[in-house]
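Remarks on the overall topology
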Amino acid sequence: EPSDANYNTSNVLQKINGDGTAHTPVDYLDGYSSDASTKLLFDPEAKAIYAMYSQRASDWTSTSLKLQKYGYDLKAQWSEAKTLGKASIAPTAYALLKATDGGVVAAYGLQPTYDTTFVCLAHYSAEGDSLWTSTAHGSSSIAYVNAENDPSGIYTFFTEAPTSSSAGVAGLMVNTDGTVGLPYDLDIHVSEAGTLATLVPADKKYSAASLKLSGNLNGDDVSVLRDMCGVSSTQEETDGKVTRLNLADARFVSGGSSYASVPDEYGWDQVALYTNDDEVPAYLFSTGKQGCAMTTVILPRTTKSIGAYALASNASLTQITIPDSVTTIDDNAFAGSGLTSVVVPEAVSYMGKYTFWGCAYMTSAVLPESTTRLPEGIFSQTALDQFHIPDSVTSIGTAAFHFCYSLRRLTGGSHVNTLGSYALNYCKQLEELNLSDSLEYIGGKALCNLFNLKELRIPAKVSQIVNSSFYEGPFEGDVALERFIIDADNSSYKDVDGVLFTKDGSELVALPMNKSLADSTYAVPEGVEKISAYAFNTKIDMTHLTLPQTLTSIGNSAFDNCVKLTWIESLNPEPPMFSGLSNFFNVDKDNCQLIVPEGALEAYKTADVWKEFLHATTTGIQGKLNLTDRHIAGVYTLDGRASSLNGKGVRIIRYSDGSSRKVNMK
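It should be emphasised that the depicted structure is a prediction, and the values quoted were computed from it without experimental measurement.

Time to look at the nonpolar core. Formed by 92 residues in total, the largest nonpolar core has its most connected members in Phe387, Phe401 and Leu447. No other element matches helix H2 (residues 219-229), which puts 5 residues into this core. Setting aside residues no more than four positions away along its own chain, Phe401 makes contact with Leu374, Phe379, Ser380, Leu384, Phe387, Ile396, Leu407, Leu410, Ala423, Leu424, Asn425 and Cys427. Judged by nonpolar contacts, the second largest core, of 35 residues, contains Leu508, Met542, Ala558 and Phe578.

Laid out in structure tokens, this is it:
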């Protein structure tokens, strides 16, 4: 590889003799090669060598992929190299293979921009004539293309990396005429809408497994199509076997009869379905006892909208290409399908509820950067492992990622101001969550059951964290959560030693389930008037609890499942009121000591919930007490011996702040 001052590198082609000696280089490949990774194909029948190599322009602005044919004597049989690609050809992204007619097919990667790569193929005859070229597949990142061939076509395999941290092996079929995809059992052009029934051979209607349609299709044609794919217009299963469908050159048009009917939203009446211009019909393949067994569907290039439930419940459907012309995707369009990944085109401006709900194998999804909202349930119960929220998104709808058990990482979303109820509920693997600085509203249970989240930062603009009094706490089930960190500029909330309070300190919103408690004790600070629903729910390591004199209200299930709670001291002479239906569920009230102020014992014994505690006694102290967040440092008898709060008699309780209290245990 001789080089000069201009970094002009020539790839040398040598012949190695059987005894291991090498001929003097006979020919040089073109200069300015990007590297020496020339690919060779030996064709023993034609006694030819095909060489594919990259050539970089002298100004380093572009790289071309070239192909040349040599005889075994290393003399060029093509006088000029064939240029296969344009700028930005990665040397690792190409392979060479022999075509069926004695020529060659080159498969290579072309990267016209930094974020788009294509698998391309070029077919040349043995004489060097260009037979066809094809741009077969586009993605965000493609490399290491390889290929094989058989008499029916060329199988191309490549590594595809849809995100920076995920990659997979993909493949496609290119026919010997340059068209992409396996041949079809039936290839029918419908020149006049409504005539498909007359064009399908009788012996093929229920035997064809693959179908390619072109032309205009109305309601009558859709009825025939559904029949061939396994479901009738009356929602009964048929003998149709089509699983691979190509509608790229077809167009759905209005007209014809109703192709099916479905119950209305109340389930009382049947609603007849008709086709519309350039709309993939609602419920196209999603109804019937068994539904359809579609595996691959290519939608019409003219498609502008995809109807509700159009491809829902097709568990076998693993591949779909949404045309760039689509602007609208209605409710549940792909819900429950077998899709493993999806790229929503940039032109899509509206997506309905539950678009990809229940796609249990979907690990990758890309939305347009212009997306303004994630609708309700869009990715609920999918297998997404990470997701990028476009920065144009301002709201994340109810249950958008509900039950996404595999979701580990969320990025983007810098302008999200609304996080809907249940939005991230049961994202068990989520370990890190960076909420947008624009966030203002957190819906009920939006951040519940995040089993691996240890720390949660609440931005400055958050003004409402919804907490239903009867059914849900905002952080229920966050078993690993150790602390809240509230932005100092937040005007609605604050944290005190990792515990979440309203800004004025009047309400304790939530104590992290995994917060470390000294001596398993927690004292609610003086000044707190209300404890939110579920605030201490399932705090299983807490044994001692002090409630301040200012406390008047306790929300539903606030102390449910605090199974080790054995000692409660309430300092308010007026028993705090409970709301909701569940209070101290799974707390052993028969053996939990309740201590109340002097003179308040009878009030507690007759108050709802408090009267259920059998072992209630008084502190022997009246008047206001100014307490801080503290814990019990020790319990002693009157003669100074260490003791416990069990049994009868007078005890001296010493606290971590140096104060002490006399308690008469009755």
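Past the structure itself, the notes keep going.
On to unusual backbone geometry, then. With a phi close to 60 degrees, Tyr309 is a non-glycine residue in the positive phi region. Position of Tyr309 relative to the elements: it lies in the loop between strand S21 (305-306) and strand S22 (319-321). Its identity is not glycine, yet Asn332 carries a phi of approximately 55 degrees, on the positive side. Secondary-structure assignment places Asn332 in the loop between strand S23 (328-329) and strand S24 (341-343). The exposure class of Asn332 is buried, given its relative accessible area of 11%.

Below, the discussion takes up the pattern of salt bridges. It is possible for side chains of opposite charge to pair when their charged atoms get near one another. On inspection of all chains with the given rule, the structure shows 10 salt bridges. Of the charged contacts, one joins Asp227 and Lys205 as a salt bridge, the two residues approaching to 3.1 Å between their closest N and O atoms. Taken together, the positions of Asp227 in helix H2 and Lys205 in the loop between helix H1 (196-199) and strand S15 (210-217) put the pair 22 residues apart, joining distant regions of the chain. Take Asp227: its relative accessible area is 13%, and that puts it in the buried class. The salt bridge partner of Lys445 is Glu476, with a shortest N-O separation of 3.4 Å. Of the two residues, Lys445 sits in the loop between strand S32 (441-442) and strand S33 (455-458) while Glu476 sits in the loop between strand S34 (464-465) and strand S35 (483-486), which places them 31 residues apart along the sequence. What makes Lys445 buried here is its relative accessible area of 14%.

With respect to the helices, strands and loops of the structure, Thr521 is situated in strand S39 (residues 521-523). At 2.9 Å, the side chain of Thr521 and the backbone oxygen of Asp519 are in polar contact.

This paragraph deals with the sheet that holds S32. One open sheet accounts for 5 strands, arranged S27-S29-S31-S32-S34; its pairing is parallel. Sheet topology places strand S27 (373-374) and S34 at the edges, where each strand pairs with a single neighbour. Here strand S29 (residues 395-396) pairs with strand S31 (residues 418-419) via 2 bridges, running parallel. Bridge pairing in S31 links Ser395 to Thr418.

The subject of this paragraph is H2. With 9 of 11 residues buried, H2 is to be regarded as a mostly interior element. Within the sequence span of H2, burial applies to Gly219, Asp221, Val222, Val224, Leu225, Arg226, Asp227, Met228 and Cys229. At its buried positions, H2 is contacted by strand S14 (186-190), H1, S15, strand S16 (244-252) and strand S17 (260-263). A side-chain oxygen of the first residue of H2 lies 3.0 Å from the backbone nitrogen of Asp220; this N-cap is Asn218. Gly230 lies just past H2 and shows a positive phi near 115 degrees.

Here we take up the packing of aromatic side chains. Here the structure, examined in full by the defined rule, presents 21 aromatic pairs. Sitting above the plane of the Trp78 ring, Lys82 keeps its charged end 5.8 Å from the centroid. Above the plane of the ring of Tyr184 lies Arg244, whose end atom (NZ or CZ) is 4.4 Å from the centre.

As a further point, take the sheet that holds S15. Spatially, the 5 strands line up as an open sheet ordered S14-S15-S16-S20-S22, and their pairing is parallel. In this open sheet, the two strands that pair with only one neighbour each are S14 and S22. Across the sheet, the axes of successive neighbouring strands diverge by a mean angle of 10 degrees, strand direction being ignored. Relative to S16, S15 runs parallel, the two sharing 7 bridges. Bridge pairing in S16 places Gly215 opposite Ala250. Taken strand by strand, H2 contacts S14, S15 and S16, and its axis lies near 175 degrees from that of S15.

Right, let's get into the environment of Ala106. You can see Ala106 is positioned in strand S8 (residues 104-113). Distance from Ala106 to Thr133, taken between C-alpha atoms, is 9.4 Å for residues 27 residues apart in sequence. Contact partners of Ala106, with chain neighbours within four places excluded, come to Met52, Leu84, Ala95, Leu96, Cys120, Leu121 and Ala122.

Another point: a nonpolar patch on the surface. Residues Leu40, Phe42 and Tyr72 make up a contiguous nonpolar surface patch of roughly 290 Å² in combined accessible area. With respect to the element layout, Phe42 can be found in strand S3 (residues 39-43).

Here is what the cut-offs are and how they apply
Residues numbered from 1 in each chain as written. Predicted model: local features only at pLDDT ≥ 70, side-chain atom pairs only at ≥ 80, totals over all residues. Heavy atoms only, no water. Core = buried A, V, L, I, M, F, W, Y, C linked by side-chain atoms within 4.5 Å. Buried < 20%, exposed > 50% of the residue type's maximum accessible area, 1.4 Å probe, protein only. Helix = DSSP H or I, 4+ residues; strand = E, 2+ residues; numbered from the N terminus. Contact = heavy atoms within 4.5 Å. Salt bridge = Lys/Arg side-chain N within 4 Å of Asp/Glu carboxyl O. Polar contact = N/O pair within 3.5 Å; in protein donor to acceptor, adjacent residues only side chain to side chain. Pairing = 2+ DSSP bridges. Phe/Tyr/Trp six-rings, centres within 6.5 Å; stacked < 30°, edge-to-face > 60°. Lys NZ or Arg CZ within 6 Å of the ring centre and 35° of its normal. Axes fitted to C-alpha atoms, helices over the stretch in contact; angles between N-to-C directions. Patch = residues over 30% accessible without salt bridge, like charges linked within 9 Å, V, L, I, M, F, W, Y side chains within 5 Å. Areas by Shrake-Rupley, 256 points an atom, 1.4 Å probe, with all protein chains shown as cover.

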